[in-house]
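Inside the fold
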Amino acid sequence: MTESPSARPEGMSAVPTTKPRQVRPATEGWTQQKDAEGRPLLQFASPKRGKPPVHLADLSHDQRVEKLKELGMPGFRAGQLEKHYFQHYTSDPAQMTDLPASGREELVGGLMPNLMTEVRRLETDGGDTIKFLWKLHDGALVESVLMRYTGRITLCVSSQAGCGMNCPFCATGQAGLTRNMSAAEIVDQVVRANRLIADGGLGDPRKVGHKDERVTNIVFMGMGEPLANYARVMQAVRTMVDKKHGLGMSARGITVSTVGLVPAIRKLSAEDIPVTFALSLHAPDDTLRDELIPVNSRWKVDEALDAAREYFDKTGRRVSIEYALIKDMNDHAWRADLLATKLNERGRGWVHVNPIPLNPTPGSIWTSSDVDVQNEFVRRLNEAGIPTTLRDTRGKEIDGACGQLVATEEDQAAAAASV
């Protein structure tokens, strides 16, 4: 359409104007699961499947000591096992020469059963990004992504096999939720990554860093909704930050992400573990977010933002807002303004926004915003006083970037061949 003559100042020529294009969320290449009332199906409870074997990393230090005593072993052996697994990144009895040779294999096999089998790994970014495909004890498939940056090494971990949040733009949600992962299965992703780093699999540590390099940062942004597997995720986090009996990582280097499970966000606020909290928002208005993030039908944008602000108030830790920029869907300038307004209404200095160019998924026609649109979105937020940084995406070439992790038919075939 064009402006009417009365709508423009005298002497100016007519300027064509168009209404911003609005694309509605819809799945492409797959059928979204619906409940009996036709709404996107949300799976909060894990389907019943055989539980993985209990592992050292599933137990507290006291429970490890007690378990050893039950086996007729002195309790101090727990510390030795912890050192091998959490510091030397090994479950190989042959390397544990400080344990009695008699019964060593049975002891280690019983307390450190194999939880994950590596099916394959893919590399990109000159070897600085590695995606692992793991097969769990029951055949479930999960992925994790290891990324080297200047001054840090980040591991994107999975917390569930599949995901029950059913977001139409995310590959992981296409297959639904297979099951929750155990605390040890989550921790083992870190231990296995540390083993690879120690062996020079992410580049020779003597050339690119130092010989004691290891994973420094964890992001719970792999497969699954972390706060839907709350107890096991928090147990894994406690093991990660335990300096005496665990991995001894910094809580500030661990990011827990959620699409907005408000009661669990409030629970996380009370944990007294200062992890970084990230809210995957993707739209500032309920009209769009109801379609884009199905859990918004339970807890609306303002409820999620209130809970995020509460996290900052209780922990003093600045909150991250994750926002996938999707062309003509959620990247409009007015949405940047609305997001800024909503965040500023809750105060200043408590939040940082990370827009992320959408990573394409197989079968989808959706794509990332044009560069000038991305830049304008970022500019408007920064100008409104909201610290905003367009996030670097890694691993797109190997389907290892945010929203791309999914067990494909090719993965299933590779897993079957690995038996």
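Keep in mind that this is a model prediction, so the values were computed, not measured.

Here's the deal with the sheet that holds strand S11 (residues 351–357)
- A sheet is described by the order of its strands in space; here nine strands give the open sequence S1-S2-S3-S4-S7-S8-S9-S10-S11, paired in mixed fashion. Strands with a single pairing partner mark the edges of an open sheet, and in this sheet they are strand S1 (116–124) and S11. If you compare each strand with its neighbour and ignore which way they point, the axes differ by 20° on average.
- Sheet topology places S1 next to strand S2 (residues 129–136); eight bridges connect them, and they run antiparallel. Following the sheet pairing, Thr117 is matched in S2 by Lys135.
- Those strands touched by helix H6 (residues 230–241) are strand S7 (217–220) and strand S8 (254–258), and its axis lies near 175° from that of S7.

Section: the confidence of the model for the protein
- Confidence in the prediction of the protein, expressed as mean pLDDT, is 88, and 86% of residues score 70 or more.
- Within the model, pLDDT remains below 50 along residues 1–16, and this stretch shows eight contacts once partners closer than five positions in the same chain are excluded.
- For residues 398–408, every residue scores under 50 in pLDDT, and the model assigns this stretch 44 contacts once sequence neighbours within four places are set aside.

Notes on the environment of Ile186
- With respect to the element layout, Ile186 can be found in helix H4 (residues 183–198).
- Looking at Ile186, the relative accessible area reads 0%, which means it is buried.
- Measuring from C-alpha to C-alpha, the distance between Ile186 and Gln160 comes to 8.8 Å, with 26 residues separating the pair along the chain.
- When sequence neighbours within four positions are dropped, the list of residues in contact with Ile186 reads Ser158, Ser159, Met181, Phe220, Asn229, Arg232, Val233, Ala236 and Met240.

Comments concerning the packing of aromatic side chains
- Applying the stated criterion to the full structure yields five aromatic pairs.
- Relative to Phe86, the ring of Tyr85 lies with its centre 5.0 Å away and its plane at 70°, an arrangement referred to as edge-to-face.
- What makes Tyr85 buried here is its relative accessible area of 1%.
- Aromatic side chains Tyr323 and Phe377 sit 4.9 Å apart centroid to centroid with 40° between the ring planes, which places their arrangement in the tilted category. One end of the pair, Tyr323, is in strand S10 (residues 319–325); the other, Phe377, is in helix H11 (residues 371–383), and 54 residues separate them in sequence.

Some remarks on the nonpolar core
- Grouped together as the largest cluster of nonpolar side chains are 106 residues, with contacts concentrated most on Leu146, Ile218, Phe220 and Met240.
- Sort the elements by how many residues they give to this core and H4 lands first, with nine residues.
- The two domains that each donate at least three residues to this core are domain 1 (57–111) and domain 2 (114–418).
- Look past the residues within four positions of Ile218 in its chain and what remains in contact with it is Leu155, Val157, Val190, Met240, Met249, Gly253, Ile254 and Thr255.
- Counting residues in each nonpolar core, the second largest holds seven residues, with Val145, Tyr149, Val219 and Met221 among its members.

With respect to the pattern of salt bridges
- As enumerated under the stated definition, the model contains 28 salt bridges in all.
- Linking Asp35 and Arg39 is a salt bridge whose minimum nitrogen-to-oxygen distance equals 3.3 Å.
- Across the salt bridge formed by Glu37 and Arg39, the nearest N and O atoms sit 2.8 Å from each other.
- Look at the salt bridges and you will find they share partners, linking Asp337, Glu376, Arg379, Arg380 and Glu383 into a network.

What to know about the UniProt feature "active site" (unreviewed entry) in the protein
- On the UniProt side, "active site" (unreviewed entry) is annotated at positions that read Glu143 and Cys402 here.
- Of the polar contacts made by the side chain of Glu143, one reaches the side chain of Lys131; its length is 3.3 Å.

Some details on unusual backbone geometry
- Unlike most non-glycine residues, Tyr89 shows phi in positive territory, near 60°.
- Examined against the element boundaries, Tyr89 turns out to sit in the loop between helix H2 (77–87) and helix H3 (104–111).
- With a relative accessible area of 12%, Tyr89 lands in the buried category.
- With a phi angle near 65°, Asp328 is a residue other than glycine that sits in the positive phi range.
- Within the fold, Asp328 resides in the loop between S10 and helix H10 (333–344).

Quick look at the pairing of S8
- The element S8 is largely enclosed, with a buried count of five among its five residues.
- Residues Ile254, Val256 and Thr258 line one face of S8 and the alternating positions Thr255 and Ser257 line the opposite face, and both faces are buried.
- The parallel pair S7 and S8, bridged by H6, forms a crossover whose chirality is right-handed.
- Sheet analysis places S8 next to strand S9 (residues 276–280), joined by four bridges and oriented parallel. In the strand pairing of S9, Thr255 is matched with Thr276.
- Each parallel crossover has a hand, and for S8 linked through helix H7 (residues 262–269) to S9 it is right-handed.

Quick notes on the pairing of strand S4 (residues 152–156)
- Across the five residues that make up S4, a large majority, four, are buried.
- Looking at chain direction, strand S3 (residues 141–149) and S4 are connected through five bridges and run antiparallel. By the bridge assignment for S4, Val145 is matched with Cys156.
- When S4 meets S7, the two strands line up parallel, connected through three bridges. From the neighbouring strand, Thr154 faces S7, where its bridge partner is Asn217.

Remarks on helix H9 (residues 301–315)
- Between its first and last C-alpha, H9 extends 21 Å over 15 residues, near the 21 Å set by a 1.5 Å rise per residue.
- Turning to H9, its buried residues are Val301, Ala304, Leu305, Ala307, Ala308, Arg309, Tyr311 and Phe312.
- Turning to H9, the residues buried within the fold contact H7, S9, helix H8 (286–292), S10 and H10.
- Once H9 ends, the next one or two residues include Gly316, with phi positive near 75°.

Procedures and definitions
Residues numbered from 1 in each chain as written. Predicted model: local features only at pLDDT ≥ 70, side-chain atom pairs only at ≥ 80, totals over all residues. Heavy atoms only, no water. Pairing = 2+ DSSP bridges. Helix = DSSP H or I, 4+ residues; strand = E, 2+ residues; numbered from the N terminus. Axes fitted to C-alpha atoms, helices over the stretch in contact; angles between N-to-C directions. Contact = heavy atoms within 4.5 Å. pLDDT = per-residue confidence, 0-100. Buried < 20%, exposed > 50% of the residue type's maximum accessible area, 1.4 Å probe, protein only. Phe/Tyr/Trp six-rings, centres within 6.5 Å; stacked < 30°, edge-to-face > 60°. Core = buried A, V, L, I, M, F, W, Y, C linked by side-chain atoms within 4.5 Å. Domains from an automatic or database assignment. Salt bridge = Lys/Arg side-chain N within 4 Å of Asp/Glu carboxyl O. UniProt positions renumbered as here; feature names shortened; annotations may be inferred. Polar contact = N/O pair within 3.5 Å; in protein donor to acceptor, adjacent residues only side chain to side chain. Right-handed = clockwise from strand over helix to strand, strands pointing away. Expected span 1.5 Å × (residues − 1).

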